[in-house]
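# Descriptive analysis of the structure
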Amino acid sequence: MALYLDSAIVAEAEIVQHWGWVKGITTNPTLLAQANTPPETTLKTLASLTSGPVYYQLLACDYKKMVIEGKKAFEIIGDQTILKIPATPLGFEVVATLSPAITCSVTGIYSPTQAAVAREAGAKIAIAYVNRATRLLGDGIGLVKDIATILQGSKVEILAASIKSPAEAAASLQAGANHLTLPLAMLAAIASHELSNQTVADFAAGGMGLTI
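Let me sum up the structure you'll find in this document. (Residues numbered from 1 in each chain as written. Predicted model: local features only at pLDDT ≥ 70, side-chain atom pairs only at ≥ 80, totals over all residues. Heavy atoms only, no water.)

### Some remarks on the environment of Val200
Structurally, Val200 can be placed in helix α11 (residues 194–206). Each C-alpha atom of the pair Val200 and Val95 lies 49 Å from the other, and the pair is 105 residues apart in sequence. (Helix = DSSP H or I, 4+ residues; strand = E, 2+ residues; numbered from the N terminus.)

### Looking at the nonpolar core
Leu83 and Ile85 are the most contacted members of the largest nonpolar core, which has 57 residues in total. In this structure, Tyr4, Tyr55, Ile125 and Ile127 belong to the second largest nonpolar core, which totals nine residues. (Core = buried A, V, L, I, M, F, W, Y, C linked by side-chain atoms within 4.5 Å. Buried < 20%, exposed > 50% of the residue type's maximum accessible area, 1.4 Å probe, protein only.)

### Section: the layout of surface pockets
Considering only enclosed or pocket space, the largest pocket measures out at about 310 Å³ in volume. Looking at the largest pocket, it is lined by 20 residues, and the ones nearest its centre are Asp6, Asn28, Leu31, Tyr129 and Ser162. Elements that contribute at least two residues to the lining of the largest pocket include exactly α2 (29–34), β6 (125–129) and β7 (157–161). By residue number, the principal contributor to the lining of the largest pocket is α2, which donates three residues. Split into classes, the residues belonging to the lining of the largest pocket amount to eight nonpolar, eight polar and four charged. Roughly 190 Å³ of volume is contained in the second largest pocket. Forming the walls of the second largest pocket are 13 residues, and the residues nearest its centre are Pro39, Glu40, Leu43, Tyr56 and Glu69. Within the residue set of the lining of the second largest pocket, elements represented by two or more residues are α2, α3 (39–48), β3 (54–57) and α4 (63–77). Considering every element that reaches the lining of the second largest pocket, the biggest residue donor is α4, with four residues. Partitioned by chemical class, the residues of the lining of the second largest pocket number nine nonpolar, one polar and three charged. (1 Å grid on protein atoms, 1.4 Å probe; cavity = no way out; pocket = protein on both sides within 12 Å on 5 of 7 lines; lining within 4 Å. Points joined across faces, edges and corners; volume = space filled by probe spheres on them. Nonpolar A, V, L, I, M, F, W, Y, C, P; charged D, E, K, R; others polar.)

### Quick look at unusual backbone geometry
Unusually for a residue other than glycine, Ser162 sits at a positive phi of about 55°. Positionally, Ser162 belongs in the loop between β7 and α9 (166–175).

### Some details on the packing of α4 against helix α5 (residues 89–98)
For the pair α4 and α5, the least separation of the axes is 10 Å and the interaxial angle reads 45°. By the criterion of interaxial angle, the relationship of α4 to α5 is oblique. The two elements α4 and α5 meet at a crossing, and its hand is right-handed. Only Leu90, Gly91, Glu93, Val94, Thr97 and Leu98 of α5 make contact with α4, whose side of the interface consists of Tyr63, Met66, Val67, Gly70 and Lys71. Looking at side-chain class alone, the contact of α4 with α5 contains six nonpolar, three polar and two charged residues. (Axes fitted to C-alpha atoms, helices over the stretch in contact; angles between N-to-C directions. Parallel < 35°, antiparallel > 145°, perpendicular 65-115°, else oblique. Left-handed = near helix turned anticlockwise from the far one by under 90°. Contact = heavy atoms within 4.5 Å.)

### Observations regarding the pairing of β3
Going residue by residue along β3, you find Val54 and Tyr56 tucked away on one face and Tyr55 and Gln57 tucked away on the opposite face as well. As paired elements, strand β2 (residues 24–26) and β3 share two bridges and run parallel to each other. Its bridge partner lying in β3, Thr26 is registered against Tyr55. Bridge count for β3 against strand β4 (residues 81–86) is four bridges, and the pairing is parallel. By the bridge assignment for β4, Val54 is matched with Thr81. Chirality of the crossover, the property in question, places the unit of β3, α4 and β4 among those that are right-handed. (Pairing = 2+ DSSP bridges. Right-handed = clockwise from strand over helix to strand, strands pointing away.)

### Some details on the packing of aromatic side chains
A ring pair, where both rings are aromatic, is described by two values, the distance of the centres and the angle of the planes. What the rule picks out here adds up to two aromatic pairs. Judged by centre distance (5.5 Å) and plane angle (55°), the ring pair of Tyr4 and Tyr55 falls under tilted. With Tyr4 in strand β1 (residues 2–6) and Tyr55 in strand β3, this residue pair connects regions lying 51 residues apart in the sequence. On the accessibility criterion, Tyr55 (1% relative accessible area) is buried. Centroid distance Trp19 to Trp21: 5.2 Å. Interplanar angle 15°. Geometry classified as stacked. Taking relative accessible area as the criterion, Trp19 reaches 32% and is therefore assigned partly exposed. (Phe/Tyr/Trp six-rings, centres within 6.5 Å; stacked < 30°, edge-to-face > 60°.)

Written out as structure tokens, the structure reads:
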């Protein structure tokens, strides 16, 4: 399992770098637009702040341009690249073209059959937008379960995105997600619990440890 930062803000990537337990960074066109540097510069900087993958989502809308964009992203990010390619007929065609040379994920999956197509096209990761699927379809956690059933026995892993609470994060993992990508505030939230803080305070009030 891996936990990823969902952000293109360099300052946030620097924070999680120091935490030591965030294993990569996912971006998308909206997040890259929030950065104060060109995408090429942002991606290079993000790659320098993690030893794990950096996800880049293709923005082009025709086959030739998508293939060119994917190859350009790989030139910028290098072996850390994981391309995010939309779950559309055109996107699956691009995955089939690029996956032999570049690690590909399929993003925006809203049905188990799309996950099956992603597998056959050569994708290594299937991305489900959990909270968004709940709002649009009624049951994002159920979608993750169904995708996990379809992909059982394959080498394709599930990345759950659009997570709005620690409970939803836990439910996604319990449903079969292999990885989570979360914004900075949500990463901090899943690492915290008020009872843990109270326990620390209780021990500090009446305990004894090494002199530092």
